[in-house]
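# Fold and contact review
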Amino acid sequence: MSAAIEVENLVKIYKGGVKAVDGVTFSVRRQEIFAFLGPNGAGKSTTIKCVIGLLHPTSGVIRVQGVDVGHDPGVVKRTIGYAAQETAVDDRLTGWENLYLQGRFYRLSRAEIRRRGEEVLRLFGLWERRRDLAETYSGGMLKRLDIACALIHRPQILFLDEPTLGLDVQTRRVIWGYIERLREEHRMTIFLTTHYMEEADALSDRVAIIDRGVIVALDTPGALKARIGGDLITLRFAADGTPVEGVLSAIRALPGVREVRPASGGIHRIVVEQHGDRLIPEIVRIASKQGMEIASIRLKRPTLDDVYLHYTGRDIREADGGREELLKTRRMRMRIRR
Ligand code: ADP
Ligand code: MG
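Residues numbered from 1 in each chain as written. Chains lettered and ligands numbered in written order. Predicted model: local features only at pLDDT ≥ 70, side-chain atom pairs only at ≥ 80, totals over all residues. Heavy atoms only, no water.

### Quick word on the nonpolar core
Grouped together as the largest cluster of nonpolar side chains are 46 residues, with contacts concentrated most on Phe124, Leu158 and Ile190. Here this core gets seven residues from one element, more than from any other, and that element is helix H5 (residues 139–150). The contact partners of Leu158, leaving out residues within four places of it in the chain, are Gly81, Tyr82, Ile147, Ala150, Leu151, Leu182, Met188, Thr189, Ile190 and Phe191. Counting 27 residues, the second largest nonpolar core, distinct from the first, contains Leu10, Phe34, Ile80 and Ala208. (Core = buried A, V, L, I, M, F, W, Y, C linked by side-chain atoms within 4.5 Å. Buried < 20%, exposed > 50% of the residue type's maximum accessible area, 1.4 Å probe, protein only. Helix = DSSP H or I, 4+ residues; strand = E, 2+ residues; numbered from the N terminus. Contact = heavy atoms within 4.5 Å.)

In structure tokens:
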């Protein structure tokens, strides 16, 4: 069976000469959650728009479920759902009316829209609020409604461009829960873009880090982190000043331990390849066997932040606007529609 999405050497140069995507190659497996992680301007939205046939690539090949998008954009559009970076929800309509319009757009029958509309609104926790105007919705509800609209025609692949942009952390987590359910219960393939590290880390099976139109790394979040350095375990014994060398050399001999650094402040640092959590019980056992009591033991994992810094030499700056930012982009979008 073909991959859900295959992209080979995608290049997109906008009129005026901006090279937004500069030779990107990746594929997304069926039922995978795949994330593009990168800062503003990296080329994430441009890539999505090319993949779903909204933009013509300058060069490259794109196949969605084995179908060449360049040859058959209509087929592709019917099998995918797309929630743009700017929500397409109309404030002056109720939740249900927004959904209904979207259903008509896909030429679904009234009965189909009723059946499917109830299903997606319930799925996204909006059923009770369906008769309220969208202008009374919170930022998180607007985004949920927008994603629900993208699901009305039962797509097999869902494209989410910055699904939690500008939302607070709690609201983001709620949306992550909904995205995970789509994959688990509805066996969807999900391609999302984000510039939030935690989002890519928490949600995706694999992450492509994109910077200036180029994929600089692509792997599982765990493998990306493991590649730049292992876990770090910090350890403090209860009785300061007692000889610890015996314990530390036994720890050093454990498989997977890369380095043990005895520290003057009483906190010893143990660098391990990976799976630090599995080594902690071992370390506790060694200490107690040698009659040493551990006062505290902590595990720190390298974050995707560390990974990003490693591959690009720069920090991702978080643009944080909240509901206002979301509304601004939405107004822009509505003006375009009118
Ligand atoms: P991202 O989604 O990662 O923030 P985009 O794909 O929106 O990045 O943009 C990538 C680059 O292409 C940026 O430099 C942006 O300014 C430029 N760009 C985006 N859309 C257009 C357009 N319609 N015309 C010209 N340049 C564009
Ligand atoms: Mg974008």
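Now that the structure is up, let's keep going.
### Some thoughts on the coordination of the magnesium ion (ligand 2)
Octahedral metals with six donors have ideal donor angles of 90 or 180 degrees. Tetrahedral metals with four donors have an ideal donor angle of 109.5 degrees. Protein ligation of the magnesium ion (ligand 2) involves Ser45 (OG) and Gln85 (OE1), the donor distances falling in the range 2.1 Å. Taken as a pair, Ser45 in helix H1 (residues 44–51) and Gln85 in the loop between strand S6 (80–83) and helix H3 (95–105) lie far apart in primary sequence, 40 residues in all. (Donors = N, O, S within 2.8 Å, 3.2 Å for Na, K, Ca; no water.)

### Points about the site of ligand 1
Taken together, Tyr14, Val18, Ala20, Pro39, Asn40, Gly41, Ala42, Gly43, Lys44, Ser45 and Thr46 make up the full set of residues adjacent to ligand 1. Between Gly43 and ligand 1, the recorded distance is 2.9 Å, taken from a backbone N or O atom to an oxygen atom. No other element matches the three residues that H1 contributes to the shell around ligand 1. Across the shell around ligand 1, the residue classes break down as five nonpolar, five polar and one charged. (Near = heavy atom within 4 Å. Polar contact = N/O pair within 3.5 Å; in protein donor to acceptor, adjacent residues only side chain to side chain. Nonpolar A, V, L, I, M, F, W, Y, C, P; charged D, E, K, R; others polar.)

### Structural notes on the layout of surface pockets
By rolling a water-sized probe across the atoms, one finds the places where empty space is left. By volume, the second largest pocket is sized at about 210 Å³. Contributing to the lining of the second largest pocket are 15 residues, with Pro155, Gln156, His186, Arg187 and Met188 lying nearest its centre. Grouping the amino acids of the lining of the second largest pocket by side-chain chemistry returns six nonpolar, five polar and four charged. (1 Å grid on protein atoms, 1.4 Å probe; cavity = no way out; pocket = protein on both sides within 12 Å on 5 of 7 lines; lining within 4 Å. Points joined across faces, edges and corners; volume = space filled by probe spheres on them.)

### Comments concerning the pattern of salt bridges
Within the structure shown, the criterion is met by 19 salt bridges. Here Arg116 makes a salt bridge to Glu119, at a shortest N to O gap of 2.7 Å. With Arg116 and Glu119 both in helix H4 (residues 110–123) and three residues apart, the pair spans about one turn of that helix. Judged by its relative accessible area of 8%, Arg116 falls in the buried class. Look at Glu119 and you get partly exposed, because its relative accessible area is 31%. Where Glu118 meets Arg122, a salt bridge forms, and the shortest distance between an N and an O atom there is 2.8 Å. (Salt bridge = Lys/Arg side-chain N within 4 Å of Asp/Glu carboxyl O.)

### Let's talk about the confidence of the model for the chain
Of the residues in the chain, 92% have a pLDDT of 70 or more, and the chain-wide mean is 88. Counted against residues more than four places away or in other chains, residues 318–322, with its pLDDT under 50, gives 11 contacts. (pLDDT = per-residue confidence, 0-100.)

### Details of the pairing of strand S10 (residues 214–219)
Taken residue by residue, a regular strand's side chains alternate between the two faces of the sheet. Here five bridges tie strand S9 (residues 206–211) to S10, and the two strands are oriented antiparallel to one another. Considered in S10, the bridge of Ile209 is made with Ala217. With antiparallel pairing between neighbouring strands as the criterion, S9 and S10 make up a hairpin whose turn holds two residues, including Arg212 at a positive phi of roughly 50°. (Pairing = 2+ DSSP bridges.)

### Regarding the pairing of strand S1 (residues 5–13)
In the sheet, S1 pairs with strand S4 (residues 59–64) via five bridges, with the strands oriented antiparallel. Within S4, the position partnered with Val7 by the bridge is Ile62. Note: S1 against strand S2 (residues 19–28), seven bridges, orientation antiparallel. The partner of Ile13 across the bridge, within S2, is Lys19.

### A look at the sheet that holds S6
An order of S6-S7-S8-S3-S9-S10 is seen for the six strands of this open sheet, with the pairing classed as mixed. The sheet is open, and its two borders are formed by S6 and S10, each paired with just one other strand. Each adjacent strand pair in this sheet contributes to an overall mean axis angle of 15°, direction not counted. Here S6 pairs with strand S7 (residues 157–161) via four bridges, running parallel. (Axes fitted to C-alpha atoms, helices over the stretch in contact; angles between N-to-C directions.)

### Quick notes on the packing of H3 against H5
Here H3 crosses H5 at 25°, and the two axes come no closer than 9 Å. Judged on the interaxial angle alone, H5 and H3 are roughly parallel. The chirality of how H3 crosses H5 is right-handed. Packed against H3, whose contacting residues are Gly95, Asn98, Leu99 and Gln102, the element H5 presents Leu145, Ala148 and Cys149 at the interface. Grouping the amino acids of the contact of H3 with H5 by side-chain chemistry returns four nonpolar, three polar and no charged. (Parallel < 35°, antiparallel > 145°, perpendicular 65-115°, else oblique. Left-handed = near helix turned anticlockwise from the far one by under 90°.)

### Let's talk about H3
Gly95, Asn98, Leu99 and Gly103 are the residues of H3 that are buried. One face of H3 carries all of its buried residues, which in axial projection span an arc of 135°. On its buried face, H3 sits against H4 and H5. Directly after H3, the chain includes Arg107, whose backbone phi takes a positive value near 60°. (Arc of directions from axis to C-beta.)

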